[in-house]
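# Fold and geometry: a report
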Amino acid sequence: MMDKRFADLVSFACQRDSDAAQRLREQYASNHLESAQLEQMKRFLFGPNRALTDTLNTIIQTQINTIKENVDSYARGDS
């Protein structure tokens, strides 16, 4: 996934009225990954065992949610 801030920056720069912005628009328009490249990048981002990564993500997210609920409960004085 691309960082949204970077995408916003590129979008903003492309909206300018200058030669540099025109070159950026041209480069951005031609910047596409082939399907083989895309698959390789997916493996790089998620590793060879996507199921393990998804499981770890679920466990961590569950723990974060539990901590948030406990903090909210403590802040309300429910403890």
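Residues numbered from 1 in each chain as written. Predicted model: local features only at pLDDT ≥ 70, side-chain atom pairs only at ≥ 80, totals over all residues. Heavy atoms only, no water.

Broken down by element type, the chain carries four helices and zero strands. Ordered by position from the N terminus, the helices and strands of the chain form the series α-α-α-α. The C-alpha atoms of the chain give a radius of gyration of 21 Å, which is well past the 12 Å a tight globule of 79 residues would have. Dimensions of the chain, computed from C-alpha atoms along their principal axes, come out at roughly 60 × 35 × 10 Å. Taken across its 79 residues, the chain has 4% of its residues classed as buried. Within the chain, the 11 negative side-chain charges are centred at a point lying 1 Å from the centre of the 10 positive side-chain charges. (Helix = DSSP H or I, 4+ residues; strand = E, 2+ residues; numbered from the N terminus. Rg over C-alpha atoms; globule rule 2.2 N^0.38 Å. Buried < 20%, exposed > 50% of the residue type's maximum accessible area, 1.4 Å probe, protein only. Lys, Arg positive; Asp, Glu negative; His and termini not counted. Charge placed at Lys NZ, Arg CZ, Asp CG, Glu CD.)

Turning next to the confidence of the model for the chain. Detailed reading of the predicted model is not advised wherever pLDDT is low. Within the chain, residue pLDDT values average 80, and 91% of them lie at 70 or more. Considering each helix and strand of the chain separately, the mean pLDDT is smallest for helix α3 (residues 35–46), with a value of 76, and largest for helix α4 (residues 50–76), with 87. (pLDDT = per-residue confidence, 0-100.)

Our focus in this paragraph is α4. The periodicity of an α-helix, 3.6 residues per turn, causes residues three or four positions apart to be oriented the same way. Compared with an ideal rise of 1.5 Å per residue, which puts 27 residues at 39 Å, α4 spans 39 Å between its outermost C-alpha atoms and is within 8% of the ideal. Looking one or two residues past α4, Gly77 carries a phi angle of roughly 80°, positive in sign. (Expected span 1.5 Å × (residues − 1).)

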